[in-house]
Amino acid sequence: MKNRLRHSAPCGARLGAALALVVLAGCGGGGGGGGGGGGPPVVPPVVPVAEISRAVLESSAQPVLAWATDIDDSGRVGVLFAQSTGGRVALQAVSGTPGARGVAPVFSQPEVVDALAPYDGSGQLVLAMSPVGHSLAMWVSNAPCTALTYNTAGQCRFIYTARRLAGAAWEAPVLVGDTPGALPKAIINNAGDLAVLWPGWRRDAQGALSVIRGVAWKPAAASQFTAPALFDDILTPAGADVAVSLDGQGNMVYVSLSTGPSGQTVVARRGSLVAGFGQTERLDTEATSAQLEGTWGGVNGQVVVLWQQASAGQLVRWSATLDGPSQAWQVSQRGVPRANQRAGTVKASVSDSGDFLRYDLENCVALRRTAGAWQAEATLPAGMCQASTSFVHALSRTGDMVGGLFSLAVPAGNTSQWLAYDATPGVLTQPLGTQPGNYLLGTPSTLGGNVLLSETGVAAFLTANDYDALPSAAAPAGTLGNATNLWLVYLKLP
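Residues numbered from 1 in each chain as written. Predicted model: local features only at pLDDT ≥ 70, side-chain atom pairs only at ≥ 80, totals over all residues. Heavy atoms only, no water.

1. Notes on the packing of aromatic side chains
Right, on to step 1. Overall, the coordinates contain seven aromatic pairs when judged by the stated rule.
Right, on to step 2. Considering the side-chain rings of Phe-231 and Phe-277, the 5.2 Å spacing of their centres and the 70° angle between planes classify their relative orientation as edge-to-face. Of this pair, Phe-231 sits in the loop between strand E14 (229–230) and strand E15 (243–246) while Phe-277 sits in strand E18 (residues 276–277), and the two are 46 residues apart along the sequence.
Right, on to step 3. Look at Phe-277 and you get buried, because its relative accessible area is 16%.
Right, on to step 4. Ring centres 5.4 Å apart and planes at 50° place the aromatic pair Trp-296 and Phe-356 in the tilted group. Of the two residues, Trp-296 is situated in strand E20 (residues 290–297) and Phe-356 in strand E25 (residues 356–360); the sequence distance between them amounts to 60 residues. (Phe/Tyr/Trp six-rings, centres within 6.5 Å; stacked < 30°, edge-to-face > 60°. Helix = DSSP H or I, 4+ residues; strand = E, 2+ residues; numbered from the N terminus. Buried < 20%, exposed > 50% of the residue type's maximum accessible area, 1.4 Å probe, protein only.)

2. Quick look at the sheet that holds strand E13 (residues 209–218)
Right, on to step 1. With antiparallel pairing, four strands are arranged side by side in an open sheet as E11-E12-E13-E14. With partners counted over all chains shown, the strands left at the sheet margins are strand E11 (186–188) and E14, one partner each.
Right, on to step 2. As paired strands, strand E12 (residues 194–203) and E13 are joined by 10 bridges and run antiparallel to one another. In the sheet register, Ala-195 faces E13, and the bridge partner there is Trp-217. (Pairing = 2+ DSSP bridges.)

3. A word on the sheet that holds strand E10 (residues 174–178)
Right, on to step 1. Across the sheet, four strands lie side by side as E7-E8-E9-E10; this open sheet has antiparallel pairing. On the outer flanks of this sheet lie strand E7 (125–129) and E10, each paired with one strand and no other. The average undirected angle you get between the axes of adjacent strands in this sheet is 25°.
Right, on to step 2. Summarising the sheet, strand E9 (residues 155–164) and E10 pair through four bridges and their orientation is antiparallel. By the bridge assignment, Tyr-160 is partnered in E10 with Leu-175. (Axes fitted to C-alpha atoms, helices over the stretch in contact; angles between N-to-C directions.)

4. Section: the pattern of salt bridges
Right, on to step 1. The full count for this structure, using the stated rule, is 12 salt bridges.
Right, on to step 2. Between Asp-114 and Arg-88 there is a salt bridge, with the nearest N and O atoms lying 2.8 Å from each other. Placement of Asp-114 in the loop between strand E6 (111–112) and E7 and of Arg-88 in strand E4 (residues 88–97) is noted, with a sequence separation of 26 residues between them.
Right, on to step 3. Judged by relative accessible area, which is 0%, Asp-114 ranks as buried.
Right, on to step 4. Between Arg-397 and Asp-352 there is a salt bridge, with the nearest N and O atoms lying 2.8 Å from each other. In this pair, Arg-397 sits in the loop between strand E29 (391–395) and strand E30 (401–405) while Asp-352 sits in the loop between strand E24 (346–350) and E25, placing the two residues 45 residues apart along the sequence.
Right, on to step 5. The exposure class of Asp-352 is partly exposed, given its relative accessible area of 35%.
Right, on to step 6. In this structure, a network of salt bridges that share partners links the residues Asp-73, Asp-352 and Arg-397. (Salt bridge = Lys/Arg side-chain N within 4 Å of Asp/Glu carboxyl O.)

5. Brief notes about the side chain of His-393
Right, on to step 1. You can see His-393 is positioned in strand E29.
Right, on to step 2. Judged by its relative accessible area of 4%, His-393 falls in the buried class.
Right, on to step 3. If we ignore the near neighbours within four places in the chain, the residues touching His-393 are Gly-344, Lys-347, Leu-361, Met-401, Val-402 and Gly-403. (Contact = heavy atoms within 4.5 Å.)

And the structure:
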């Protein structure tokens, strides 16, 4: 794990020592005192412990109503949140920089980002970060419809983005377009390019409106988004997931289900910021209807698509992989899927080298593709098995994982039970339930929280709660306040 979560820790589990906070801080070298035979006294070894920092990101008497967050490779955390200020519900952005070990994290002051395109208060927010720390905020703003919008009278929904390049200030909002659809997903890459899954629209001769899926994009140096590319030949089923990937060179891949005469097929379109999108490619090869499991893209143009589809009378998992923008799709069977696959217990990622891994925590198995070759399904450590819908976890691109059990019960919302997995040796370094409640990340929350994990092993937990002082080992009850504020807890591992 590139010296992130793996280290020598005589206090027991390596990341477990990090997550135990002050509970293990004094477990030290043991022994001590003089040795026999009148030799010099034995100096207990210095035991590294995690550095824990807690900070409230805003202290307004007005409650935080919604938020979105992400983390970059170095552990910088970006947060976009909605809160009443200046007589309206405004969007504000704040960031945290963890700093090196021994250096206190630095947190910015909240900054309003939607003054030129006021947020509509719907609770729909997007905040995405690139590996090097560029940020993208996206929201809905309401404004009067025109003759060219999806409705011609009343108020219409307009999607805006704002960008903040690492080390720079937030830029002015940029209009993506008007849409009757929900707030879409978006990506920002290390060059500062943007890609947005676009819920576009068409109106027929009789005036009937239909939503057509597509993609809008903005190269880093451009001032405006392109006119969205809408894929009229892809008939996306209602409620089906669609995905777009954007690599560091501006290559894009769009993946969706499409309804045809024989049922649902898996299709893709490849494109670039310069040339736009090419023709639709069908990825599945069977005559039966397909169910898409997911699409994952890598920063260097790799794409993995998984779906389920009957073959010879048996339900089979299929894969389509793309090892680079100019490569051909490779389609193959991946065996019979497990019967139980609960939403939220499966996570997957693509590493920078193109390796793919998929953790199925309910069934405690991992599916991997390494150096271009699929591996046999492998068993994960038993302590990773999680079927609870309250288990929330974060996965790095290299497969490290941190997670815990959440509940929205008030006041004792969360259990403080956490686990951590080091992907390089394949070791569960912090099992659930082996330590007392440590209040590190499992702080009770009225609105839940987000677990974040960087590629360098810096973890973070963002929570909105009513505490003026968070619970700790020294003060388990904490200090309750009167407003829902945002807290960020940083964990810097030894």
